[in-house]
Amino acid sequence: METIETVYANALLSLCIENKEVERSLKDMKFAYEEFDKNPELVTLISSAFLEKEEKISVVDKVFSPLFITSSLNFLKLLVDKNVSISVLKILKRYINLANSYLSIASGVVYSVSKLSDEEMRRLKEAFSKKLNRKVELVNYLDPSLIGGIKIIIDNKVYDKSILSQLDGLRTTLKKGGAI
């Protein structure tokens, strides 16, 4: 049985494929996801039982209307209209994953001790795009436990070049009594 997230995400993807708007709607839905994630009170507002649907739809309109294509905006309004806006983050996340898959985009995370520069991120994206033979999108998260270096996770595959990983490898070798 399909989840509500999958049903709505598939419906939007089908519409966007038909209208040749997948790339643009993906951009819109990523932006919406970030806004809802940063502002949980916005999710609470559009899911409130104390507001009329028209008021909640008006909020969606005011926040996203100037930025979104019609199908993206109507999709968010539909979530409010069908009383599933409480699941907006799950639905948007599912859509983003489906659209990335449709567009052959791999998404991943770069963990580092300090924020990587735009140039460093660009070079990592290029290198992994060549390695994986598809477009790669990366976001940078800080992880002081790494001590130094980076750890990259793309499509559940880990590329670990951190000092912590190297120390763990050295520790394992020494425990086994092996030579360095």
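This report concerns the structure included in the present document. Small disclaimer: the values here were computed from a predicted structure and weren't measured.

## Re the overall build of the protein
So, point 1. When helices and strands are tallied, the protein shows eight helices and four strands.
So, point 2. Of the regular secondary structure in the protein, the N- to C-terminal order runs α-α-α-α-α-α-β-α-β-β-β-α.
So, point 3. Since a compact globule built from 180 residues should have a radius of gyration of about 16 Å, the 21 Å found for the protein marks it as more spread out than a globular shape.
So, point 4. Each principal axis of the C-alpha atoms in the protein carries an extent, and together these give about 70 × 40 × 35 Å.
So, point 5. Evaluated residue by residue, the protein yields a buried proportion of 35% over its 180 residues.
So, point 6. Here the analysis covers contacts within the protein between residues at least 6 apart in sequence; of these, 66% occur between residues at least 24 apart.
So, point 7. On the protein, roughly 11,100 Å² of surface is accessible, and the fraction owed to carbon and sulfur atoms is 54%.
So, point 8. For the protein, the centre of its 27 positive side-chain charges and the centre of its 24 negative side-chain charges are spaced 8 Å apart.

## Looking at the packing of helix α3 (residues 40–47) against helix α4 (residues 53–64)
So, point 1. It is at 8 Å that the axes of α3 and α4 come closest, and there the two elements cross at 145 degrees. Contact with α3, carried on its side by L42, L45, I46 and S47, involves K56, V59, V60, V63 and F64 of α4 and no other residues of that element.
So, point 2. For the contact of α3 with α4, the class distribution of residues is seven nonpolar, one polar and one charged.

## Quick word on the environment of K135
So, point 1. Within the fold, K135 resides in strand β2 (residues 135–142).
So, point 2. Along the backbone, K135 and K77 are 58 residues apart, and their C-alpha atoms lie at a distance of 31 Å.
So, point 3. Residue contacts for K135: discarding those within four places in its chain leaves S104, I105, A106 and S129.

## Looking at the packing of aromatic side chains
So, point 1. Following the criterion strictly, the structure yields six aromatic pairs and no others.
So, point 2. Ring geometry for F31 and F64: centres 6.4 Å apart, planes at 90 degrees, overall edge-to-face. Of this pair, F31 sits in helix α2 (residues 22–38) while F64 sits in helix α4, and the two are 33 residues apart along the sequence.
So, point 3. Relative to F64, the ring of F36 lies with its centre 5.5 Å away and its plane at 45 degrees, an arrangement referred to as tilted. With F36 in helix α2 and F64 in helix α4, this pair connects stretches of sequence that are 28 residues apart.
So, point 4. Residue classification places F64 among the buried residues on the basis of a relative accessible area of 1%.

## Looking at the nonpolar core
So, point 1. Ranked by size, the top nonpolar core spans 31 residues in total, and within it M29, F36, F64, L76 and Y95 carry the most contacts.
So, point 2. Broken down by secondary-structure element, the contributors of at least two residues to this core are α1 (4–18), α2, α3, α4, α5 (70–81) and α6 (88–102).
So, point 3. Non-local contacts of F64, meaning those with residues more than four positions away in its chain, are made with F31, A32, E35, F36, L42, L73 and L76.

## Brief notes about α4
So, point 1. Taking 1.5 Å of rise per residue, twelve residues should cover 16 Å, and α4 covers 16 Å from first to last C-alpha, within 8% of that figure.
So, point 2. Within the span of α4, buried status applies to K56, V59, V60 and F64. Along the axis of α4, the buried positions cluster into a sector of 100 degrees, meaning they face one direction only. Residues of α4 that are exposed and point more than 90 degrees away from the buried face comprise E54 and K62.
So, point 3. Summarising the contacts, the buried residues of α4 are in contact with α2, α3 and α5.

About the criteria used
- Residues numbered from 1 in each chain as written.
- Predicted model: local features only at pLDDT ≥ 70, side-chain atom pairs only at ≥ 80, totals over all residues.
- Heavy atoms only, no water.
- Helix = DSSP H or I, 4+ residues; strand = E, 2+ residues; numbered from the N terminus.
- Rg over C-alpha atoms; globule rule 2.2 N^0.38 Å.
- Buried < 20%, exposed > 50% of the residue type's maximum accessible area, 1.4 Å probe, protein only.
- Contact = heavy atoms within 4.5 Å.
- Areas by Shrake-Rupley, 256 points an atom, 1.4 Å probe, with all protein chains shown as cover.
- Lys, Arg positive; Asp, Glu negative; His and termini not counted.
- Charge placed at Lys NZ, Arg CZ, Asp CG, Glu CD.
- Axes fitted to C-alpha atoms, helices over the stretch in contact; angles between N-to-C directions.
- Nonpolar A, V, L, I, M, F, W, Y, C, P; charged D, E, K, R; others polar.
- Phe/Tyr/Trp six-rings, centres within 6.5 Å; stacked < 30°, edge-to-face > 60°.
- Core = buried A, V, L, I, M, F, W, Y, C linked by side-chain atoms within 4.5 Å.
- Expected span 1.5 Å × (residues − 1).
- Arc of directions from axis to C-beta.

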